[in-house]
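Architecture and fold: a report
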Amino acid sequence: MRVYAFVPARSGSKGLPDKNIAEIDGHPLIAYAIAFGRALGVDRVILSTDSERYAAIGRRYGAECPYLRGARASSDTAMEEDILADFEANLPRYGIEMPDVWVRLKPTNPFRTVASVRQGIAVLAEREEVESVRIVSPEDCRLWTIGADGWLTPLVAWDPARSVMRRSEFPAAYSPFNLDILRHG
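Described below are features of the structure shown in this document. Treat the numbers as computed from the prediction; the structure is a model and nothing was measured.

**Re the nonpolar core**
Grouped together as the largest cluster of nonpolar side chains are 29 residues, with contacts concentrated most on Val7, Val103, Leu105, Val117 and Ile181. At the level of elements, β1 (3-8), α1 (29-40), β4 (44-48), α2 (52-60), β5 (101-104), α4 (114-126), β6 (132-139) and β9 (173-183) are the ones that each hand at least two residues to this core. When residues of this core are assigned to their parent elements, the largest contribution, five residues, is made by α1. With residues up to four places along the chain from it excluded, the contact list for leucine 105 reads Ala5, Phe6, Val7, Pro8, Ala33, Phe36, Gly37, Arg112 and Leu179. Phe6, Ala73, Ile83 and Leu91 belong to the second-largest nonpolar core, a separate cluster that totals 13 residues.

Next up, the structure:
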């Protein structure tokens, strides 16, 4: 089974410009995602970016970046499927066969373990009916929104007669780590 990790690093962030190359402890965020991909022992670690500057940084840290991604896959509204379609359209032109499995490693979400990703890859290797695996973590579901009237409103059922409810009284909730392992195609 051929497995590639990809690091999506668009340069056009509006909320925090250049967040994907912001330095933490002397290294840009993409460096940590690339190092993680390399630690997985996958066949390739590919940086997907629209910036030659980001590409040069990625290559310096050991990622492949054979081309700059297209406008559709780099827009503010681009989704993972746009990036994967961009790979499908371009990687073969550079002599790179498509993988059986993709592992998405977002630079801005470092909470992952090599063991959990390897376990996810193993699930795909062993179970043909599974199309993708998502790494998640347990979360507290006692969240609230602020309504148009300015008052707090619980997102899940809350006993209005009580000021406090224990986490154990709610259903289990999980937060995805934005780390997906998915079959190609």
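After presenting the structure, the write-up continues.
**A closer look at the packing of aromatic side chains**
When we look at a pair of aromatic rings, we describe it by the centre distance and by the angle of the planes. For the structure on display, the rule yields seven aromatic pairs. Relative to tryptophan 102, the ring of phenylalanine 6 has its centre 5.4 Å away and its plane inclined at 85°; by these criteria the two rings are edge-to-face. Here phenylalanine 6 is found in strand β1, whereas its partner tryptophan 102 is found in strand β5, with 96 residues between them in sequence. Between tryptophan 158 and phenylalanine 170, the ring centres sit 5.6 Å apart and the planes meet at 40°, which makes this aromatic pair tilted. Within this pair, whereas tryptophan 158 is found in the loop between β8 (152-154) and β9, its partner phenylalanine 170 is found in the loop between β8 and β9, the two being separated by 12 residues in sequence. Across the pair, phenylalanine 170 and tryptophan 158 agree in class, each one buried. One aromatic cluster is present, formed by Tyr4, Phe6, Phe87 and Trp102 through successive ring pairs.

**Let's talk about the pattern of salt bridges**
Under the defined criterion, the tally for this structure stands at 13 salt bridges. Taking the shortest distance from any N to any O, the salt bridge between glutamate 97 and arginine 2 comes out at 3.3 Å. With glutamate 97 in the loop between α3 (80-90) and β5 and arginine 2 in the segment before β1, the pair connects residues that are 95 residues apart, well separated along the chain. The class for glutamate 97 is exposed, based on a relative accessible area of 53%. Here arginine 2 falls in the partly exposed class, since its relative accessible area comes to 28%. When the shortest N-O distance is used, the salt bridge between arginine 134 and aspartate 180 registers 2.7 Å. Pair noted here: arginine 134 is in strand β6 and aspartate 180 is in strand β9, with a separation of 46 residues, a long-range link. Overlapping salt bridges bring together Glu80, Arg104, Arg134 and Asp180 as one network.

**Things to note about the environment of glutamate 131**
Residue position: glutamate 131 is located in the loop between α4 and β6. Those residues in contact with glutamate 131, other than ones at most four positions away along the chain, are Leu124, Ile181, Leu182 and Arg183.

**Considering α1**
Across its 12 residues, α1 extends 17 Å between first and last C-alpha, which sits within 8% of the 16 Å expected from 1.5 Å per residue. Residues Leu29, Ile30, Ala31, Ala33, Ile34, Phe36, Gly37 and Leu40 constitute the buried set of α1. Downstream of α1 by a residue or two, glycine 41 has a phi angle that is positive, lying close to 75°.

Basis of the calculations
Throughout this description, residue numbers start from 1 for each chain and increase along the sequence as written. Reporting of local features is limited, given that this is a predicted model, to residues whose pLDDT is at least 70; pairs of side-chain atoms are given and counted only at 80 or more, and all residues count toward the totals for whole chains, interfaces and linings. Just so you know, side-chain values use all the structure's heavy atoms and leave hydrogens and water out. Grouping buried Ala, Val, Leu, Ile, Met, Phe, Trp, Tyr and Cys residues that are joined through side-chain atoms within 4.5 Å yields what is termed a nonpolar core. Burial here depends on accessible area, computed with a 1.4 Å probe over protein chains only, as a share of the maximum for the residue type. Under 20% is buried, over 50% is exposed, and the range in between is partly exposed. Secondary structure elements are defined from DSSP: runs of H or I of at least 4 residues count as helices, runs of E of at least 2 residues count as strands, and each element is numbered from the N terminus. In this description, contact between two residues means that some pair of their heavy atoms is separated by no more than 4.5 Å. We call Phe, Tyr and Trp rings a pair once their centres come within 6.5 Å, taking the six-membered ring for Trp, and we label the pair stacked below 30 degrees between planes, edge-to-face above 60, and tilted otherwise. Should a side-chain nitrogen of Lys or Arg be within 4 Å of a carboxyl oxygen of Asp or Glu, the pair is scored as a salt bridge. In this analysis, the expected span of each helix is defined as 1.5 Å times one less than the number of residues it contains.

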